[in-house]
Amino acid sequence: MEEKLAFKMVQGQIGYEFKSIALLKQAFVRRSYTEEHGGRNNEVLEFIGDKALDFAVVRLLAEKFGRKNKQGEFDCRYKEGRLTSLKSRMVEKKTLARRLDELGFAEFLVMGNSDIQNNAQSSPSVKEDLFEAIIGAVAIDSDWNLEIIQSVVEVMLEPDTFLLDDSETNYVRLIQEWEARKGVIPLYKYKEASYTSTWYTDFEGVSQDIPFNSNDYSKLNHHCLLKLSDSLPIFRGFGASKREARMAVCEVAYKYLQGKDMLFSIKDEIGEPSKADAINQLEILARRGYFSVPTYEFEQRYDNNGNPVWTCECIIEEYDTYFEAESSSKKDAKKTAAFKMLEFVLNEEAAG
């Protein structure tokens, strides 16, 4: 992708248009490149972004779980330990690296020969640095506008993965997973405008308006467009913030795919079920939200000849049944019980 188009895509994905495009470009320059060619790199921007990211996440947690009471004091649903744990998970290396992959930014890194030879763009640490450097560049370019920094962090980080409760569906994550299976990156474009205003925008000349339903249009002052592929319509959602608009457009897109029978089935998630891979296949389905992580309970006894016999029960919280298997091998008993459970859940989910 040519440089101009690449950085246009980056700005669209994060929902912020830079006054100084040179600053955004600097966020992508590794020290290995400047050691060979001179110029500025992203190390200081990464330092700035690290601190700005921490502030934005703490603010998000405080607003999500706390509020001032009538006495003017601050009440919070969670204690410090739980908040610290949440914050750590949201800003840890693997989270930021995963989001960089989903945003598709690592391929635009500017690196020196040493980084190129070491395939540095695949390193989680390098992706983490780039994530933070982009936040740092936004902080400087916006003159430390806290609302802008907050907005960009929420768009880039996808905090609802951590903050939605079990009764809420994370449509943003579902769309990300659908696109990951397709091997492409969802493209977002944001605009601040009232719901009632006329707003025309496009991806390569194509535009389709599929509005998000709401009873209070006065608060819907942010728009988000989503392009999944050339063969699908471009979806539009509305919200009181960029984050809410993105959630809305992903809900619209997901329900469209669902209505067109374009979603992956539970069997598509794992391929052909097998006893050898059953334990891992159940864990994959659990990570993708079909059910909770399976638990296994073991019991050992001995037969009349004094040989060990292992019994394993495979249990999944959401189901009223469990499956057990016996074997002289503990490992084999676990695999067999897992395979019985796997066959059961595949049939249940397909029927349901």
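Above this text sits the structure in question.
Described in the following lines is the structure provided in the data block.

Analysis parameters
- Residues numbered from 1 in each chain as written.
- Predicted model: local features only at pLDDT ≥ 70, side-chain atom pairs only at ≥ 80, totals over all residues.
- Heavy atoms only, no water.
- Pairing = 2+ DSSP bridges.
- Helix = DSSP H or I, 4+ residues; strand = E, 2+ residues; numbered from the N terminus.
- Axes fitted to C-alpha atoms, helices over the stretch in contact; angles between N-to-C directions.
- Buried < 20%, exposed > 50% of the residue type's maximum accessible area, 1.4 Å probe, protein only.
- Contact = heavy atoms within 4.5 Å.

**A word on the sheet that holds strand E5 (residues 235-239)**
The strand order across the open sheet built from three strands is E3-E4-E5, with neighbouring strands paired in antiparallel fashion. Only two strands of the sheet have a single partner each, and these edge strands are strand E3 (187-192) and E5. Across the sheet, the mean angle separating the axes of adjacent strands is 20 degrees when strand polarity is ignored. Across five bridges, the pairing between strand E4 (residues 222-227) and E5 is antiparallel. Note that in E5 the partner of Leu225 across the bridge is Arg236.

**Some details on helix H6 (residues 93-103)**
Regarding H6, the residues found buried are Thr95, Leu96, Ala97, Arg99, Leu100, Glu102 and Leu103. Positive phi appears at Gly104, one or two residues downstream of H6, with a value of about 75 degrees.

**What about the side chain of Arg173?**
Along the chain, Arg173 turns up in helix H11 (residues 171-182). The class of Arg173 is buried, set by a relative accessible area of 13%. When near neighbours in sequence (up to four residues on either side) are disregarded, Arg173 contacts Arg98, Arg99, Glu102, Glu158 and Thr161.

**Concerning the sheet that holds strand E6 (residues 295-302)**
Read from one edge to the other, the open sheet built from three strands follows the order E6-E7-E8, with strand pairing classed as antiparallel. Each edge of the open sheet is held by one strand with a lone partner, namely E6 and strand E8 (322-327). The mean inter-strand angle of the sheet, taken between neighbouring strand axes irrespective of direction, is 20 degrees. Two strands pair when backbone bridges link them, and E6 and strand E7 (residues 308-315) are joined in this way by eight bridges, in the antiparallel orientation. Residue pairing for E7: Arg301 is matched across the bridge by Val309.

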